[in-house]
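Here is what each chain is made of, one letter per residue.
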Amino acid sequence: MSAEFSILPEALEAFGARTAIVLGSGLNSFADSLDIEAAIPYDAIPGLPASRVPGHAGAFALARVHGHPLLLARGRAHLYEGWNAREVTAGIRLLHRIGVHRVLLTNAAGTLNPAFPPGQWMMLTDHLNLTGTSPLLGVPNFIDLSDAYSARLREIFRQAATEARIPLHEGVYASLSGPQYETPAEVRMLRTLGADVVGMSTVLETIQARALGLEVAAFSCLTNWAAGIADGTLSHDAVMDTGQGAARMLIEIFDRALPRMIAA
Ligand code: HPA
């Protein structure tokens, strides 16, 4: 293979994490709820693009859950920052390189499903890749995506949410490149296409992770009604605020689910 990540901070591999969580906009408070042993900024790792979006921290955090190592990726790179599909997914290849087997992706999303209100969470059952690109371009890598989001992991999180009495919807995430939010006409189109929520990340990471054989689960924090569904204008600040408020709900679900999952 290529020489990608030939220089790596030793602590990252030595930590021995098999599970990683990618934290999206506004979800950094999840990391604050855990014991962090060390932090490694993305810019300490040659080949890893550093996120430039406010609210995205840009560092790995090494944490433990009931003694098991858990790697948190605080912040990610996005197409809308000007990175390409390979660059956006470099972090996933890095995780695979250091021995991670399963990745939990989180994101902020607008909701188009009237039954999935803002402030709640949706677990992805499937996605629509409407970014127009793929991290696998250039290689005839015809991977099967019929169960991109692990049924086994979904069952663990579904049970944990039921026990915690926290709503956890399940549905389809559509990803566009952004950075502009959608028009009302685009939102109507997305509903027709079968999307429940819309965002600007995650699908390329899922594709890359599945191509490397990683198990994937993904969660959307529903931060707002998508354009044209309710009155008002969309702002990044409002998206961040709702994300922070809802983070506590995912923390409770993860608290129950992670020990079951990491031990497996
Ligand atoms: N559209 C796209 N991405 C988003 C949205 C939205 O409404 N909210 C948060 N991320």
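Residues numbered from 1 in each chain as written. Predicted model: local features only at pLDDT ≥ 70, side-chain atom pairs only at ≥ 80, totals over all residues. Heavy atoms only, no water.

(A) Representation of the site of the ligand in the model. As a matter of local geometry, the ligand sits amid Ala108, Ala109, Gly110, Tyr181, Glu182, Val198, Gly199, Met200, Thr223, Asn224, Leu234 and Val239. Interatomic distance of 3.3 Å between a backbone N/O atom of Gly110 and a nitrogen atom of the ligand. A distance of 2.8 Å separates a nitrogen atom of the ligand from a polar side-chain atom of Glu182. The protein chains hide 96% of the 260 Å² of surface that the ligand would expose on its own. If you list the elements that add at least two residues to the shell around the ligand, you get β5 (102-111), β8 (197-199) and β9 (215-225). Ranked by the residues each element gives to the shell around the ligand, the list is headed by β5, at three residues. The residue inventory of the shell around the ligand, partitioned by class, reads seven nonpolar, four polar and one charged. (Near = heavy atom within 4 Å. Polar contact = N/O pair within 3.5 Å; in protein donor to acceptor, adjacent residues only side chain to side chain. Areas by Shrake-Rupley, 256 points an atom, 1.4 Å probe, with all protein chains shown as cover. Helix = DSSP H or I, 4+ residues; strand = E, 2+ residues; numbered from the N terminus. Nonpolar A, V, L, I, M, F, W, Y, C, P; charged D, E, K, R; others polar.)

(B) Seen up close, the pairing of strand β4 (residues 68-74). The element β4 is largely enclosed, with a buried count of six among its seven residues. In terms of strand pairing, strand β1 (residues 19-23) meets β4 through five bridges, oriented parallel. The residue of β4 that forms the bridge with Ala20 is Leu71. Pairing of strand β3 (residues 59-65) with β4 involves seven bridges; the strand directions are antiparallel. If you follow Ala59 over to β4, its bridge partner there is Arg74. Counting the residues that bridge the hairpin from β3 to β4 gives two residues, and of these His66 lies at a positive phi of roughly 50 degrees. (Buried < 20%, exposed > 50% of the residue type's maximum accessible area, 1.4 Å probe, protein only. Pairing = 2+ DSSP bridges.)

(C) Layout of unusual backbone geometry. Backbone torsion omega between Gly178 and Pro179 reads 0 degrees, so that peptide bond is classified as cis. Its identity is not glycine, yet Arg165 carries a phi of approximately 55 degrees, on the positive side. Along the chain, Arg165 falls in the loop between α5 (151-164) and β7 (168-175). Arg165 gets classed as exposed once you look at its relative accessible area, which sits at 75%. The backbone of Thr202 shows a phi angle near 75 degrees, a positive value even though the residue is not glycine.

(D) Here's a closer look at the environment of Ile36. Relative to the helices and strands, Ile36 resides in strand β2 (residues 36-41). Taking the C-alpha atoms as reference points, Ile36 and His78, 42 residues apart in sequence, are found 25 Å from one another. With residues near it in sequence (within four places) discarded, Ile36 still touches Ala31, Ala61, Leu62, Ala63 and Leu72. (Contact = heavy atoms within 4.5 Å.)

(E) View of the side chain of Asn113. Along the chain, the position of Asn113 falls in the loop between β5 and β6 (121-129). When its relative accessible area of 17% is taken as the criterion, Asn113 is described as buried. A distance of 2.9 Å separates a polar atom in the side chain of Asn113 from a polar atom in the side chain of Asp196. Excluding residues within four positions of it along the chain, Asn113 makes contact with Asp196 and Trp225.

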